[in-house]
Amino acid sequence: RSPVTQPTSQNVSETSAPVVTEQPVTNTAVTEPQVITEPIVISEPTVSPVSASSKDEILVYLNDGLISFDQKPIIENGRTLVPMRAIFEALGLDVEWNNAQRRITATDSQGTLIIMTVGDPIMTVDGKIREMDVPPKIVSSRTLVPLRAISEAYNCEVEWDGANRNIYITTD
């Protein structure tokens, strides 16, 4: 059985670095090692005024609050598509998905009704037909919808900041 050793410090002063040596422990009780450490300086993280996102990531803000998506927004034919549930719920809408028909139905508290179908560029808003530039689609098991079409159907303003790849939605 090898002897148990315990680090100890010797000749430590405020101006010299600590010296640690190992000496055999004579009793059988296990003791906590004595550790001498230098102070660690932790600097505060810095935040750049530029978004912390990757260069290609699109950030979407609703009334100055960032909307989180579990699937990144994409651009197709000049239109931004975002996960349907996240955008509808951020706008305060109730959303339903009919998997058999691949249909999206959303309503707000005033009863405004939107109906869209994956792959179909036709959207109905309170029974009125609107044609979208890009239809809803499924990407990585998520249904994506055209952000501007949805937002404007609920009378929101949408601004695109192409330099920073940010989208700003404001409600009335």
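So, a few notes on the structure that sits alongside this text. Note that the coordinates shown come from a computational prediction; the quantities given were computed from them, not determined experimentally. (Residues numbered from 1 in each chain as written. Predicted model: local features only at pLDDT ≥ 70, side-chain atom pairs only at ≥ 80, totals over all residues. Heavy atoms only, no water.)

Concerning the pattern of salt bridges
Applying the stated criterion across every chain, the model contains five salt bridges. A salt bridge links R142 to D70; the shortest N-O distance between them is 2.7 Å. Highlighted residues: R142 in strand β13 (residues 142-146) and D70 in the loop between β4 (65-66) and β5 (74-76), separated in sequence by 72 residues. Judged by relative accessible area, which is 37%, R142 ranks as partly exposed. Judged by relative accessible area, which is 57%, D70 ranks as exposed. The salt bridge partner of R85 is E89, with a shortest N-O separation of 3.6 Å. (Salt bridge = Lys/Arg side-chain N within 4 Å of Asp/Glu carboxyl O. Helix = DSSP H or I, 4+ residues; strand = E, 2+ residues; numbered from the N terminus. Buried < 20%, exposed > 50% of the residue type's maximum accessible area, 1.4 Å probe, protein only.)

Re the pairing of β13
In the case of a regular strand, side chains alternate between the two sheet surfaces. Where burial is concerned, most of β13 is hidden: four out of the five residues are buried. As defined by bridge partners, strand β6 (residues 79-83) adjoins β13 across three bridges and the pair is classed as antiparallel. The residue of β13 that forms the bridge with P83 is L144. (Pairing = 2+ DSSP bridges.)

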